[in-house]
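Chain residues, written in single-letter form:
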Amino acid sequence: MRIDLHTHSTASDGTDSPAALVRIARDAGLDVVALTDHDTTGGWAEAADALPADLTLVRGAEISCIDGDGISLHMLGYLFDDAEPEFARERELVRTDRVRRARAMVERCIELGAPITWERVQEIAGDGAVGRPHVATALAEAGVVADVSDAFTPEWLKDGGRAFVDKYEITAVHAVRLIRAAGGVPVFAHPAASKRGRTVSDATIEELAEAGLAGLEVDHLDHDDETRARLRDLARGLGLVATGSSDYHGSRKIIGIGQFTTDPEAFAAIAEQGRGVPLLRA
Ligand code: AMP
Ligand code: FE
Ligand code: FE
Ligand code: ZN
């Protein structure tokens, strides 16, 4: 069983449509894939309709959060009921603020001399929840940076960078509670991805575990071997499941789908706790 529990489509900042994504997942030999777009379930229906034979779809999302120390983090939610109103309203607030914030980042880029436009960024984002990778794509197209990842520097869009603007984020404890209240299963995405910025303390992870966190995403490109070993120990000590996933973004990141995977036992523990929507199988 090959299980990848973290991927992005054009519903947020991936480059494959939800329908293409499930085909790519099956072609890559996956048995289970989770669709986890940033702050949206907008890709769920298309992925479900296009689901190939022999692939199980886990419907999810990756929620933009902030912890008590002011550190931004990402919380994966699996199998929650997307119609549960309180959580749905919070996701909408985040998405709405993403538009304000992307416009503000474009303004900053223009002030810094980059020949980009909000109209072009909107075209690149399409119907998807707009984010920094869309602005980064515009910067790369304009020749300001060599590629998308080169825009994530202090000169441009990295956290605290010259053109960076904050967005509304849900507190992480609240996100865990909202996901659980909607019948979902919260897993902390890439909890120690230090190249993205400051990472949370163990105390924060303990607090999240008490609030109902189910797992930690341990095997991720942004964690080195030592970090993975440390997180695996932490997960074991707190009774959390350890997952692994690609965080596939299509051509916007170098990683291939299925490049990191989750053990079947860990997946079974997550699936068992999901009450909001069922696993989908064609
Ligand atoms: P946002 O949610 O708009 O703040 O954008 C964050 C997203 O940017 C992440 O989910 C990644 O997809 C992407 N990202 C962050 N750091 C990098 C990087 N160094 N290279 C490429 N993409 C990145
Ligand atoms: Fe992303
Ligand atoms: Fe993430
Ligand atoms: Zn992600």
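Structure: see above.
Below: a short report on this structure. Quick caveat: nothing in here was measured; it's all calculated off a predicted structure.

A closer look at the packing of helix H4 (residues 118-125) against helix H5 (residues 132-141)
Now for step 1: One can describe the packing of H4 onto H5 by two numbers: an axis separation of 9 Å at closest approach and a directional angle of 120°. You can see that H4 and H5 cross each other, and the crossing is right-handed. Listed contacts from H5 to Arg120, Val121, Ile124 and Ala125 of H4 are His134, Val135, Thr137, Ala138 and Glu141.
Now for step 2: In terms of residue class, the contact of H4 with H5 is built from five nonpolar, two polar and two charged.

Observations concerning the coordination of the iron ion (ligand 3)
Now for step 1: Within the protein, Glu62 (OE), His74 (ND1) and His190 (NE2) serve as the donor atoms for the iron ion (ligand 3), at 2.0 to 2.2 Å.
Now for step 2: Sequence positions of the donors to the iron ion (ligand 3) reduce to the motif E-x11-H-x115-H.

Section: the coordination of the zinc ion (ligand 4)
Now for step 1: For the zinc ion (ligand 4), the full set of protein donor atoms is His6 (NE2), His8 (NE2), Glu62 (OE) and Asp247 (OD), at a range of 2.0 to 2.3 Å.
Now for step 2: One can describe the site at the zinc ion (ligand 4) as irregular: its four donor atoms subtend angles covering 78 to 170° at the metal.
Now for step 3: Coordination of the zinc ion (ligand 4) draws on donor residues from a single chain, spaced H-x1-H-x53-E-x184-D in sequence.
Now for step 4: Here the iron ion (ligand 2) and the zinc ion (ligand 4) are spaced 4.5 Å from one another. Of this pair, His8 sits in the loop between strand S1 (3-4) and helix H1 (18-27) while Asp247 sits in the loop between strand S8 (241-244) and helix H9 (264-273); the two residues are 239 residues apart in sequence, bridging distant segments of the chain. For the pair shown, His8 and Asp247 are each scored as buried.

Some words on the nonpolar core
Now for step 1: Leu5, Met75, Tyr78, Phe188 and Leu216 are the most contacted members of the largest nonpolar core, which totals 61 residues.
Now for step 2: With six residues, helix H6 (residues 172-181) is the single largest residue contributor to this core.
Now for step 3: With sequence-adjacent residues up to four places away left out, Leu216 is seen in contact with Val187, Phe188, Pro191, Ile205, Leu231, Leu234, Ala235, Leu240, Val241, Ala242 and Thr243.
Now for step 4: Of all hydrophobic cores here, the second largest spans 22 residues; its members include Ala102, Met105, Ile116 and Trp156.

Conventions we followed
- Residues numbered from 1 in each chain as written.
- Chains lettered and ligands numbered in written order.
- Predicted model: local features only at pLDDT ≥ 70, side-chain atom pairs only at ≥ 80, totals over all residues.
- Heavy atoms only, no water.
- Axes fitted to C-alpha atoms, helices over the stretch in contact; angles between N-to-C directions.
- Helix = DSSP H or I, 4+ residues; strand = E, 2+ residues; numbered from the N terminus.
- Left-handed = near helix turned anticlockwise from the far one by under 90°.
- Contact = heavy atoms within 4.5 Å.
- Nonpolar A, V, L, I, M, F, W, Y, C, P; charged D, E, K, R; others polar.
- Donors = N, O, S within 2.8 Å, 3.2 Å for Na, K, Ca; no water.
- Tetrahedral: all angles 85-135°; square planar, octahedral: opposite > 155°, others 65-115°.
- Buried < 20%, exposed > 50% of the residue type's maximum accessible area, 1.4 Å probe, protein only.
- Core = buried A, V, L, I, M, F, W, Y, C linked by side-chain atoms within 4.5 Å.

Remember that the coordinates give geometry; whether it matters functionally is a separate question.
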